[in-house]
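Chain and residue survey
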Amino acid sequence: LRWLRRRKTGQNGERGQVLVWAVILLPLLLALVGLVFDGGMLWVQYRKARWAINGAAVSAATLVDVPHYIETGQVVLGENALDIADYYARRNYPALHVRDVYVDNVDNVVYVEGWFRTRTTFLSMFGVSGFRVNVRGKERPAWGISEEGQ
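Counting from 1, residues in each chain are numbered in the order their sequence is written. Reporting of local features is limited, given that this is a predicted model, to residues whose pLDDT is at least 70; pairs of side-chain atoms are given and counted only at 80 or more, and all residues count toward the totals for whole chains, interfaces and linings. Hydrogens are left out, water is left out, and the side-chain values use all remaining heavy atoms of the structure.

With that settled, consider the overall build of the protein chain. Each helix is a run of DSSP H or I of at least 4 residues and each strand a run of E of at least 2, with the numbering of both proceeding from the N terminus. Within the protein chain one finds four helices and three strands. Put simply, the protein chain runs from its N terminus to its C terminus through helices and strands in the order α-α-α-α-β-β-β. By residue count, 24% of the 150 residues in the protein chain fall in the buried class. Total accessible area on the protein chain stands at roughly 10800 Å², and carbon and sulfur atoms take up 57% of it. Exposure is judged per residue with a 1.4 Å probe applied to protein chains only, and the accessible area is read against the type maximum: over 50% gives exposed, under 20% gives buried, and values in between give partly exposed. Values of accessible area rely on a 1.4 Å probe in the Shrake-Rupley scheme; residue burial ignores everything except the protein chains shown.

The sheet contact formed by strand β1 (residues 97-104) and strand β2 (residues 109-119) spans seven bridges and is antiparallel. If you follow Val 101 over to β2, its bridge partner there is Val 112. Adjacent in sequence and paired antiparallel, β1 and β2 are bridged by four residues, among which Asn 108 carries a positive phi angle near 55°. Strand pairing is defined by DSSP finding a minimum of two bridges between the two strands.

We now examine the environment of Asn 134. Relative to the assigned elements, Asn 134 resides in strand β3 (residues 130-139). Those residues within four positions of Asn 134 in sequence are excluded, and the remaining contacts are Tyr 46, Arg 99, Gly 114 and Trp 115. Of the polar contacts made by the side chain of Asn 134, one reaches the side chain of Arg 99; its length is 3.2 Å. Any two residues whose heavy atoms approach within 4.5 Å are treated as being in contact. Any N or O atom pair separated by 3.5 Å or less is treated as a polar contact, with the protein-specific requirement of one donor-capable and one acceptor-capable atom, and with residues adjacent in sequence counted only for side-chain atom pairs.

Looking at where Ala 95 falls in the secondary structure, it is placed in the loop between α4 (81-92) and β1. The residues touching Ala 95, leaving out its near neighbours within four places in the chain, are Trp 115 and Phe 116.

Right, let's get into helix α2 (residues 17-61). Its 45 residues give α2 an end-to-end C-alpha distance of 65 Å, which sits within 8% of 66 Å, the value for a rise of 1.5 Å per residue. By the largest-angle criterion, Leu 25 marks the main kink of α2, which is about 30°, and a proline, Pro 27, follows within four residues. Every buried residue of α2 is accounted for by Gly 34, Asp 38, Ala 49, Ala 52, Ile 53, Ala 56, Ala 57, Ser 59, Ala 60 and Ala 61. Each element contacted by the buried residues of α2 is listed here: α4, β1, β2 and β3. Take the residue count of a helix, subtract one, and multiply by 1.5 Å to get its expected span. One axis is fitted to the seven residues ending at the residue and one to the seven starting there. The bend at that residue is the angle between these axes.

Within this document, salt bridges are pairs made up of a side-chain nitrogen of Lys or Arg and a carboxyl oxygen of Asp or Glu, the two lying within 4 Å of each other. Taken as a whole, this structure holds two salt bridges when the rule is applied. Of the charged contacts, one joins Asp 86 and Arg 90 as a salt bridge, the two residues approaching to 3.3 Å between their closest N and O atoms. Of this pair, Asp 86 and Arg 90 both sit in helix α4, four residues apart, roughly one helical turn. Among the residues examined, Asp 86 registers a relative accessible area of 22% and is labelled partly exposed. Given the relative accessible area of 35%, Arg 90 is considered partly exposed. With its nearest N and O atoms 3.7 Å apart, the salt bridge here joins Arg 99 to Glu 113.

Function cannot be inferred from these measures alone, as they are strictly geometric.
Next comes the structure, spelled out in structure tokens:
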């Protein structure tokens, strides 16, 4: 019975262990929750930007220079492909900046590249206010060819 009284009063040196564990683990748990929150918000913004840049790639792929294609068999985009792609990208995601539109004639794919800046919530407490995220969309140029022989 004597050891039971001693255990109840905490005289065997184990008193306060929960407090030590709480002091150690609570900041780690809060950091993990903060990183998950910022990562989730970054993923949502990235998906929205990808949808917008893919839409911009579809719009750019419809601007095939048909006379040049008939003459050479090579896909070349019209002069205003960058402007049209930028217009559609910003209509769907205003923070998106289109920087390049080009054709890969080996794979027969139109690529549109852009970027957006995202802000952080948790990481801003540590001086990381945001990231610049690059996105790239692609589309086959045949999407915009609507007549036989083009």
